[in-house]
Amino acid sequence: MNATPDAEALYARLLSALREGIAGRDVSLIGIHSGGAWIAERLHADLGLERPLGSLSSAFHRDDYGRRGLPGEMKGTELPFEVDGADIVLVDDILFTGRTVRAAMNELFDYGRPARIELAVLLDRGGRELPIEARYCGAVQPLAAPRNYAFARDAQGRFLLRIE
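Residues numbered from 1 in each chain as written. Predicted model: local features only at pLDDT ≥ 70, side-chain atom pairs only at ≥ 80, totals over all residues. Heavy atoms only, no water.

*Asks:* Account for the pairing of strand S1 (residues 27–32), with residues named and values stated.
*Replies:* Burial within S1 is extensive, with six of its six residues counted as buried. Residue alternation in S1 divides its side chains into two sets, Val27, Leu29 and Gly31 and Ser28, Ile30 and Ile32, and both sets are buried. Note: S1 against strand S3 (residues 87–95), five bridges, orientation parallel. Bridge assignment links Ser28 to a residue of S3, and that residue is Ile88. The pairing of S1 with strand S2 (residues 54–56) spans three bridges and is classified as parallel. (Buried < 20%, exposed > 50% of the residue type's maximum accessible area, 1.4 Å probe, protein only. Helix = DSSP H or I, 4+ residues; strand = E, 2+ residues; numbered from the N terminus. Pairing = 2+ DSSP bridges.)

*Asks:* Give a detailed account of the nonpolar core, specifying residues and quantitative values.
*Replies:* With 27 residues, the main nonpolar core has Leu18, Ile22, Ile39, Leu43, Val89, Val91 and Leu161 as its most contacted residues. At the level of secondary structure, the elements contributing two or more residues to this core comprise helix H1 (7–21), S1, helix H2 (35–47), S3, strand S4 (116–124), strand S5 (136–140), strand S6 (149–153) and strand S7 (159–163). Looking at which element gives the most residues to this core, the answer is H1, with six residues. What Ile22 contacts, discounting residues up to four positions off in sequence, is Val27, Leu47, Leu49, Val89 and Tyr136. In this structure, Leu56, Leu79, Val83 and Ala86 belong to the second largest nonpolar core, which totals 17 residues. (Core = buried A, V, L, I, M, F, W, Y, C linked by side-chain atoms within 4.5 Å. Contact = heavy atoms within 4.5 Å.)

*Asks:* Could you give an account of the sheet that holds S4, naming the residues involved and the relevant values?
*Replies:* Spatially, five strands are ordered S2-S1-S3-S4-S5 in an open sheet, and the strand pairing comes out parallel. This sheet does not close on itself; its edge strands, each paired only once, are S2 and S5. Ignoring which end each strand starts from, the neighbouring axes of this sheet average 25 degrees apart. Sheet topology note: the S3/S4 ladder contains eight bridges and is parallel. Pairing of Val91 across the sheet is with Ala120, part of S4. Running over the sheet, H1 touches S1, S3, S4 and S5 and is turned about 145 degrees from S5. Sheet strands in contact with H2 are S1, S3 and S4, and its direction is about 150 degrees off that of S1. (Axes fitted to C-alpha atoms, helices over the stretch in contact; angles between N-to-C directions.)

Written out as structure tokens, the structure is:
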């Protein structure tokens, strides 16, 4: 039985890894809706980044779009900076199969060709179906299907994880 990880402790580890990894670089953070956007928002503030924060929807590029349909409250992509040549850190909440990240990269390339894309995730649960790996990660904690991690944030902006 897996213990539910403390999302705030994972966030602290992710923040520390990212702070060290991007030191001296002019990076742009982009959060994948919705959990990744929440994490990116907080990382952006905690890191004191000057470049504007971006957010991205991967919904239309998903390979399971026909089966899953659109999410109930869909938010669009907002990239308030030039993507061509940018040093980008793409942020998501939980890395599983890699399909969301692949779809997000397809969406990102609709806006231009970045110089670099790195991935930051709060939690890597294993189970990859695509060759995608996070450069920055709060923790790796495998979880066998059909169970899932559910990510949320409370009214105070604190992150929460639970196993369903």
